Amino acid sequence: MATKIVHWSIGDAPLRDTALTTVIGNFDGVHLGHQKLISTALALAKNDGTVAGVITFEPHPRRYFRQNEPGFLLSDIAEKNRTLSLHGIEIIIHVSFNDLLRQLSPEQFVSEVLCPLGVSHLLAGSDFAFGRGRAGDMSFLSEIGGEYNFKVTNVSLKVDNKSAT
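So, a few notes on the structure that sits alongside this text. (Residues numbered from 1 in each chain as written. Predicted model: local features only at pLDDT ≥ 70, side-chain atom pairs only at ≥ 80, totals over all residues. Heavy atoms only, no water.)

1. Quick look at the nonpolar core
- The biggest cluster of nonpolar side chains holds 29 residues, and the ones touching the most others in it are Ile93 and Leu114.
- Elements that contribute at least two residues to this core include exactly strand E1 (4–8), strand E2 (20–24), strand E3 (51–58), strand E4 (91–96), helix H5 (106–114), strand E5 (119–125) and helix H6 (138–145).
- Element by element, the count of residues in this core is highest for H5, at 4 residues.
- Beyond its immediate sequence surroundings of up to four residues, leucine 114 is in contact with Ile24, Ile55, Phe109, Val119, Leu122, Leu141 and Phe150.
- Listed in part, the 12 residues of the second largest apolar core include Ala41, Val54, Leu84 and Ile89. (Core = buried A, V, L, I, M, F, W, Y, C linked by side-chain atoms within 4.5 Å. Buried < 20%, exposed > 50% of the residue type's maximum accessible area, 1.4 Å probe, protein only. Helix = DSSP H or I, 4+ residues; strand = E, 2+ residues; numbered from the N terminus. Contact = heavy atoms within 4.5 Å.)

2. Description of H5
- Of all the positions in H5, only Pro106, Phe109, Val110, Val113 and Leu114 are classed as buried. All buried residues of H5 lie within an arc of 110 degrees about the axis, which places them on one face of the element. (Arc of directions from axis to C-beta.)

3. Remarks on the packing of aromatic side chains
- Within this structure, the stated rule accounts for 5 aromatic pairs.
- Between the aromatic rings of phenylalanine 128 and phenylalanine 130, the centroid separation amounts to 5.4 Å while the plane-to-plane angle is 15 degrees, which identifies the pairing as stacked.
- Aromatic pair phenylalanine 130 and phenylalanine 140: ring centres 6.2 Å apart, planes at 50 degrees, arrangement tilted. On the criterion of sequence distance, the pair formed by phenylalanine 130 in strand E6 (residues 129–130) and phenylalanine 140 in helix H6 is long-range, its members being 10 residues apart.
- Overall, the relative accessible area of 5% leaves phenylalanine 130 in the buried class.
- Ring-pair connections join several aromatic residues into one group, and the members of that group are Phe57, Phe97, Phe109, Phe128, Phe130 and Phe140. (Phe/Tyr/Trp six-rings, centres within 6.5 Å; stacked < 30°, edge-to-face > 60°.)

Next up, the structure:
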């Protein structure tokens, strides 16, 4: 089955197709920590009967905030899609990183981004931060997730070198 690619912005129609077990982040290159996140999401999605997805941002937030800096990305959007697809992701959602998204409070990010995208289980690394001024974190998501009817799993991105070979 081909990976579904979605380009979504705040205000677009909600994705109501299915419940989503998803990882969130920039995924510029899929390093071993990302692979750990993805494999955890794939296992949870299979167990829960949900769709395994990735929520990422376009342009990369660093590119948005530092437009005059030279390029730093490890992969372009086509390479990102190809790599994530090869890892078994069923849907990749590219959320438009724009001024509207930048201004959202952490709770608005949950209600205006995660909920319309159909997130039922969100996984991220412990350093994931979001919302205006990066004020939201995994602790906040864990506290508010139940209120918005989704589970949160904090995944350590550290990988044991012995298991990485």
